Amino acid sequence: MYSLDVKSWYIARKNIKEKLKNLGSMFWTVAFPIMMLLVYKLAFSEGDDAPMINGLTVFDVEFPGIVVYTIGMSSVTSAVMFAMSKVDGTLERIDSMPVSRGNVFLGAVISETVFMNLQLILIFGFGYGILGAHFEIAMLPIGYLLAMIFGIGSIGLGLIIASFLGSPEGANGIAMLSHMSLMFVSGSFFPLDHGGVFFTPHYWLKQVYLQLTVVGDFFTDLLYSGNIILPTSQTSIFPIWSGILIILAFTSTFIILGVKIFQKKTTL
Amino acid sequence: MNVSIKEKAQIKYSDPNQFDENNHTTEFIIEVQNLEKTFNDVKAVDGISLKVRKGELFSLLGPNGAGKSTTIRMLTTVLKPSNGSARIKEYNLLEEKNQIKSLIGVCPQENVVFGALTAEDNVEFVGRMHGMDPAEMKKRMTNLLKKMNIAGRKKPVKSFSGGMKRRLSLVMSLINHPQILFLDEPTAGLDPQARRLVWDFIKELKQIGMTIILTTHDMIEADSLSDHIAIMDQGKIIAFGTLEELKSNSSNGNILEFNFSSRKELLNAKNKLEQITEVKTITEKENNKLVISFSGGIETFKQKILKEVDSFKALHFREDSLEDIFLKLTGRGLRD
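Rules behind the numbers
Residues numbered from 1 in each chain as written. Chains lettered and ligands numbered in written order. Predicted model: local features only at pLDDT ≥ 70, side-chain atom pairs only at ≥ 80, totals over all residues. Helix = DSSP H or I, 4+ residues; strand = E, 2+ residues; numbered from the N terminus. Buried ≥ 20, exposed ≤ 12 C-beta atoms within 10 Å, placed from the backbone. Contact = placed C-beta atoms within 7 Å. Pairing = 2+ DSSP bridges. Core = buried A, V, L, I, M, F, W, Y, C linked by C-beta atoms within 7 Å. Axes fitted to C-alpha atoms, helices over the stretch in contact; angles between N-to-C directions. pLDDT = per-residue confidence, 0-100. Expected span 1.5 Å × (residues − 1). Nonpolar A, V, L, I, M, F, W, Y, C, P; charged D, E, K, R; others polar. Parallel < 35°, antiparallel > 145°, perpendicular 65-115°, else oblique. Left-handed = near helix turned anticlockwise from the far one by under 90°.

Take the overall build of chain B next. Broken down by element type, chain B carries 12 helices and 14 strands. Buried residues in chain B amount to 41% of all 336 residues. At a minimum sequence separation of 6, the contacts of chain B that also span at least 24 residues come to 71%.

Secondary structure summary: chain A contains 11 helices and zero strands in total. Classification of the 268 residues of chain A by burial places 46% in the buried group. Counted over contacts in chain A with a minimum sequence separation of 6, partners at least 24 positions apart contribute 80%.

On to the sheet that holds strand β5 (residues 91-92) of chain B. By definition, the strands of a sheet pair up through backbone hydrogen bonds, in either a parallel or an antiparallel sense. Residues and elements named next belong to chain B. Pairing is antiparallel across the open sheet formed by four strands, whose spatial order is β2-β1-β4-β5. The sheet terminates laterally at β2 (42-53) and β5, the two strands that pair on one side only. Here strand β1 (residues 28-39) runs beside strand β4 (residues 83-88); their pairing, made up of five bridges, is antiparallel. Residue pairing across strands places glutamine 33 opposite serine 85, the latter belonging to β4.

Attention shifts here to the environment of glycine 143 of chain A. Of note, glycine 143 of chain A is situated in helix α7 (residues 140-164). On the basis of neighbour count, glycine 143 of chain A is assigned to the buried category, with 23 C-beta atoms found within 10 Å.

A few words now on the pairing of β2 of chain B. Residue and element names in this part refer to chain B. Relative to β2, β1 is paired through nine bridges, and the arrangement is antiparallel. Residue lysine 37 lies in a different strand from β2, and its bridge partner there is valine 45. Counting the residues in the hairpin turn of β1 and β2 gives two residues, including asparagine 40, whose phi is positive at 45 degrees.

Attention now goes to the nonpolar core. If you look at the biggest cluster of nonpolar residues, it comprises 136 residues, and the most contacted ones within it are Ala79, Ala162 and Leu205 of chain A together with Val171, Phe182 and Ile231 of chain B. The greatest single-element share of this core, amounting to 10 residues, is contributed by α7 of chain A. If sequence neighbours within four positions are ignored, alanine 162 of chain A has contacts with Ala79, Phe82, Ala83, Lys86, Ala171 and Phe262 of chain A. Counting 12 residues, the second largest nonpolar core, distinct from the first, contains Phe258, Ala269, Leu290 and Phe294 of chain B.

A few words on the sheet that holds strand β6 (residues 104-107) of chain B. Residues and elements named next belong to chain B. Taken in spatial order, the six strands of this open sheet run β6-β7-β8-β3-β9-β10, and their pairing is mixed. In the strand order of this sheet, the two ends are held by β6 and β10 (236-241), each with one partner. Strand-to-strand twist of the sheet, defined as the mean angle between neighbouring strand axes without regard to direction, takes the value 15 degrees. The sheet contacts of helix α6 (residues 162-174) involve β6 and β7 (180-184), and relative to β6 the element is tilted by about 170 degrees.

Residue and element names in this part refer to chain B. Looking at chain B, pLDDT values average 82 and 88% of them are 70 or higher. Note that pLDDT drops below 50 for residues 1-24; the model gives that stretch 30 contacts with residues more than four away or on any other chain. Per the prediction output, this complex has pTM 0.78; the corresponding ipTM is 0.82.

Turning our attention to helix α3 (residues 58-72) of chain A. For α3 of chain A, built from 15 residues, the straight-helix expectation of 21 Å at 1.5 Å per residue is met to within 8% by its first-to-last C-alpha distance of 22 Å. Where burial is concerned, most of α3 of chain A is hidden: 14 out of the 15 residues are buried.

Another aspect to go through is the interface of chain B and chain A. Facing 22 residues of chain B, the contacting portion of chain A comprises 19 residues. Listing elements by their share of the side of chain B that touches chain A, those giving two or more residues are α3 (97-103) and α4 (119-129) of chain B. Grouping the amino acids of the side of chain B that touches chain A by side-chain chemistry returns 12 nonpolar, five polar and five charged.

Residue and element names in this part refer to chain A. At their nearest, the axes of helix α4 (residues 74-87) and helix α8 (residues 168-185) sit 8 Å apart, and the two run at 160 degrees to each other. One finds that α4 runs roughly antiparallel with respect to α8. The chirality of how α4 crosses α8 is right-handed. Taken together, the residues of α8 that come into contact with α4 (itself represented by Ser75, Val76, Ala79, Val80, Ala83, Met84 and Val87) are Pro168, Ala171, Asn172, Ala175, Met176, Ser178 and His179. Partitioning the contact of α4 with α8 into residue classes produces 10 nonpolar, four polar and no charged.

As structure tokens, then:
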């Protein structure tokens, strides 16, 4: 019935224009990750620049955590965007036009994906290009793709949060709380030594990303030797595809749940 | 007393299909049957039925919370009715929402605009959602923005005044050449100049044959713009007709307003007026004012009353207004 792609693109274009003019949103999505990178670099450089394992420094191993943080921020920005559209009446206004909710969701995914790309380019450029984090170039595109898939799952989480909250401020608070909690619990910021990490998608993204893009060729040796670097400070073996499956499951579950719950809560 | 009037009014006017055959086409573009909306056991709209002719301006008049906006939200497909049915043009409200959305323009009650965008971006977005041709959209957008005195502004609309946002919202609702325009309190919060501008514009839209459904609690607005008026209260249509029909069916007759110098004089006059058979109602107002409705001709009544009451400061005769009818039917002033 509707030209899903064209209308979604115009919705995405509107979202992008709105977001670019929102300084607060731009700070959290672009400036804050760069600040975190600098903090990490400074925190781990003094005396820690010495390679901890096979030529990798603490900063090299922690850099994927910043990637997880940056991409996971999509849950916050999308929660705020959808909660705002509920409160200020723009969602209802769009509902009165010949546009489906499918257009609205796809538009949001497109606009958030554009920003995720911008964030990743900035983070990669700054982290790899300027601060010198180690990376395996052959595996980088796969890591990039996984990060994007995880980001789309985070949009789903944002949708779920926005469904239950009546104000953008509330959505921002809860989304920030959940994102930061997951960052800490997953050991993405600092390695944690507990089993709870396995229940967070953030852990798996960092883990897979770490293995693919940092450990790189060395990964095979580690797999054979049974010594995989884990943020839990433990060593164990897990096949990399299990991590990828968990990220895919997280993304598909959260985006489906997010769309369903948001539809249910906002269809009057 | 009020309840009985309302009941009477409902019996008399609850069939809004009794149109006169004045200048309008006989085609009904909207037909609503027993439409109902319930929120948590509260009936916001309680089984209303109405018909709107193509090209007319139909006003839903009522106090806050009467169910006007809920009715509009149902007719514009954003709210699902709990019961009842409606047809807009040849489309069923419940089953053909997408076709209906393509026909209508909606100016919601609040100033719903995308604050970070410019006025042109806002209007262009709505045009794109309606799949408009870019060149045609641009031309129409320029004309409409000019007409509403908001052309050429490049700042984000969040910096606009409330009145400018309201006018922009109106432009957004018109960009797609809607066949039916829904205006939910279009002049709420506007200054007199802007209000006049919007009224003139609405009159122009009527002239080109656009069907307009307007909600308002502004009596002057309803009075000056409407072809037909439905008065809503507590989710029901309690009166329906043209302004003349409403006046002839619901009016108390003529109105006389007395001003007295003191409360003592007012009470004396009130006692005497209560004895006069033509007097239908007597209402005390602030500042020693009495408002009397009466039947019969003004001149005869004037002669009669001047014999009885002589100690007044000023008196003023007038016809029953829409506000008088509204207050009589709803039994109270506007509510929050």
